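# Chain and residue survey
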Amino acid sequence: QVQLVESGGGLVQPGGSARLACTASAASGSGFRFSTIGWYRQAPGKQRDLVATIFSGGDTNYADSVKGRFTISRDNTKNTVYLQMRSLIPEDTAVYYCNRATIKGSPLGSWGQGTQVIVSS
């Protein structure tokens, strides 16, 4: 079973950048490279929403709210999926989670602790 851990959050000024990482544990074996991975976020008092998806072949999808600002990528040699975030705005403030996903972006596994991103001056 693929187990994922998020990292890389923190406090960022508006207009700034941050890169999040989603790393599969060694116990996940070779399954990670065949998995569709999604980044999700949950802002205070709101539901958790899909932000970006990357398929096993490298194709990507983005929510309209982040299109052109966020880039999802994967490095299968490191069992890691990244979320590069640019031009951050306060509305990007949320706890960010990664998870295995269906091709439609529905989460498949259990949720980890996530990593918090706060966009504030």
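Cut-offs used in this document
Residues numbered from 1 in each chain as written. Predicted model: local features only at pLDDT ≥ 70, side-chain atom pairs only at ≥ 80, totals over all residues. Heavy atoms only, no water. Helix = DSSP H or I, 4+ residues; strand = E, 2+ residues; numbered from the N terminus. Buried < 20%, exposed > 50% of the residue type's maximum accessible area, 1.4 Å probe, protein only. Contact = heavy atoms within 4.5 Å. Core = buried A, V, L, I, M, F, W, Y, C linked by side-chain atoms within 4.5 Å. Phe/Tyr/Trp six-rings, centres within 6.5 Å; stacked < 30°, edge-to-face > 60°. Lys NZ or Arg CZ within 6 Å of the ring centre and 35° of its normal.

Within the fold, Arg69 resides in the loop between strand 6 (60-62) and strand 7 (70-75). Take Arg69: its relative accessible area is 15%, and that puts it in the buried class. Among all residues touching Arg69, those that are not within four sequence positions of it are Gln84, Met85, Arg86, Ser87, Leu88, Ile89 and Asp92.

Attention shifts here to the nonpolar core. Trp39, Leu83, Met85 and Tyr96 are the most contacted members of the largest nonpolar core, which totals 26 residues. Elements that contribute at least two residues to this core include exactly strand 3 (18-24), strand 4 (37-42), strand 5 (48-54), strand 7, strand 8 (80-85), strand 9 (94-100) and strand 10 (115-119). If you tally residues by element for this core, the top one is strand 3, at four residues. Apart from residues no more than four positions distant in its own chain, Tyr96 is found in contact with Glu6, Leu20, Trp39, Tyr40, Arg41, Phe70, Leu83, Met85, Gly114, Thr115 and Val117.

A few words on the environment of Gln13. With respect to the secondary-structure elements, Gln13 resides in the loop between strand 2 (10-12) and strand 3. Among the residues examined, Gln13 registers a relative accessible area of 55% and is labelled exposed. Each C-alpha atom, one on Gln13 and one on Ile118, is 8.3 Å from the other, the two residues being 105 residues apart in sequence.

Take the packing of aromatic side chains next. By the definition in use, this model includes two aromatic pairs. Where Tyr40 meets Trp111, the ring centres are 5.1 Å apart and the plane angle is 85°; that geometry is what we call edge-to-face. Separated by 71 residues along the polypeptide, Tyr40 in strand 4 and Trp111 in the loop between strand 9 and strand 10 bring together distant segments of the chain. Assessed through its relative accessible area of 3%, Tyr40 is described here as buried. When the ring of Tyr97 is compared with that of Trp111, the centres are 5.7 Å apart and the planes differ by 70°; the resulting orientation is edge-to-face. Highlighted residues: Tyr97 in strand 9 and Trp111 in the loop between strand 9 and strand 10, separated in sequence by 14 residues. Among the residues examined, Trp111 registers a relative accessible area of 31% and is labelled partly exposed. Among the aromatic side chains, those forming a connected cluster through ring pairs are Tyr40, Tyr97 and Trp111. The ring of Tyr82 is capped by Arg19, whose NZ or CZ atom sits 4.2 Å from the centre of that ring. Note that Arg48 overlies the ring of Trp111, its terminal NZ or CZ placed 3.9 Å from the centroid.

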